[in-house]
Amino acid sequence: ANPAVSGDNVIRTTDGGRSWQLVEGPFPEYRSCVAFLPNGWLIAVGRTGTDISLLGDVWEKVDSTGFYTLSSSGAPTGCWAAGPQGKVAKLIFSN
């Protein structure tokens with residue numbers, strides 16, 4: 001993956017992974033990890049910020065803090081994120 005490239009970088013499945021469709025952008029920034037929360041939200045993180053989406057086709061940037069990975073571990077409205085220099089944070093979202 002090349003974090004400097006931002007086009008055509010989101011795909012989605014609606015059949016459990018049997019087929020995938022490219023989601024039309026714009027998606028201006030690369031994200032390195034996406035997690036599905038049990039409340040139906042998707043959260044994506046990358047070195048330039050955090051985005052959320054309800055269906056995976058429209059994304060909204062909610063923060064510019066950089067993280068590299070996520071773990072939702074079944075929490076209904078939040079997850080853990082880890083980033084550069086050992087940064088760890090609990091991200092909590094409400095509908």
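What comes next is a walk through the structure. (Residues numbered from 1 in each chain as written. Predicted model: local features only at pLDDT ≥ 70, side-chain atom pairs only at ≥ 80, totals over all residues. Heavy atoms only, no water.)

## Some details on the sheet that holds strand β7 (residues 69–71)
The three strands lie next to each other as β7-β8-β9, forming an open sheet whose pairing is antiparallel. If you trace the sheet from one side to the other, it starts and ends with β7 and β9 (88–92), each paired once. On average, adjacent strands in this sheet sit at an angle of 30° to one another, irrespective of strand direction. As judged from the five bridges shared by strand β8 (residues 78–82) and β9, these two strands associate in the antiparallel manner. For alanine 82, the partnering residue across the bridge sits in β9 and is valine 88. (Pairing = 2+ DSSP bridges. Helix = DSSP H or I, 4+ residues; strand = E, 2+ residues; numbered from the N terminus. Axes fitted to C-alpha atoms, helices over the stretch in contact; angles between N-to-C directions.)

## Concerning the pattern of salt bridges
Enumeration over the complete set of coordinates arrives at three salt bridges. Across the pair lysine 61 and glutamate 29 runs a salt bridge, and its minimum N-O distance is 3.0 Å. Here glutamate 29 lies in the loop between β2 (21–22) and β3 (33–36) and lysine 61 lies in strand β6 (residues 60–63), a separation of 32 residues in the sequence. Looking at glutamate 29, the relative accessible area reads 29%, which means it is partly exposed. (Salt bridge = Lys/Arg side-chain N within 4 Å of Asp/Glu carboxyl O. Buried < 20%, exposed > 50% of the residue type's maximum accessible area, 1.4 Å probe, protein only.)

## So, the packing of aromatic side chains
Inspection of the entire model under this criterion finds zero aromatic pairs. Across the ring face of phenylalanine 67, the terminal group of lysine 87 is positioned such that the distance to the ring centre comes to 5.1 Å. (Phe/Tyr/Trp six-rings, centres within 6.5 Å; stacked < 30°, edge-to-face > 60°. Lys NZ or Arg CZ within 6 Å of the ring centre and 35° of its normal.)

## Some remarks on the sheet that holds β3
Overall, antiparallel pairing links the four strands, which are arranged β3-β4-β5-β6 in an open sheet. The open sheet is flanked by β3 and β6, the only strands paired with a single partner. Between one strand and the next, the sheet's axes are offset by a mean angle of 25°, whatever the strand orientation. Bridge count between β3 and strand β4 (residues 42–46): four bridges; the pairing is antiparallel.

## Points about a nonpolar patch on the surface
A surface patch of nonpolar side chains, about 330 Å² in accessible area, is lined by Ile11, Trp20 and Leu22. Note that leucine 22 resides in strand β2. (Patch = residues over 30% accessible without salt bridge, like charges linked within 9 Å, V, L, I, M, F, W, Y side chains within 5 Å. Areas by Shrake-Rupley, 256 points an atom, 1.4 Å probe, with all protein chains shown as cover.)

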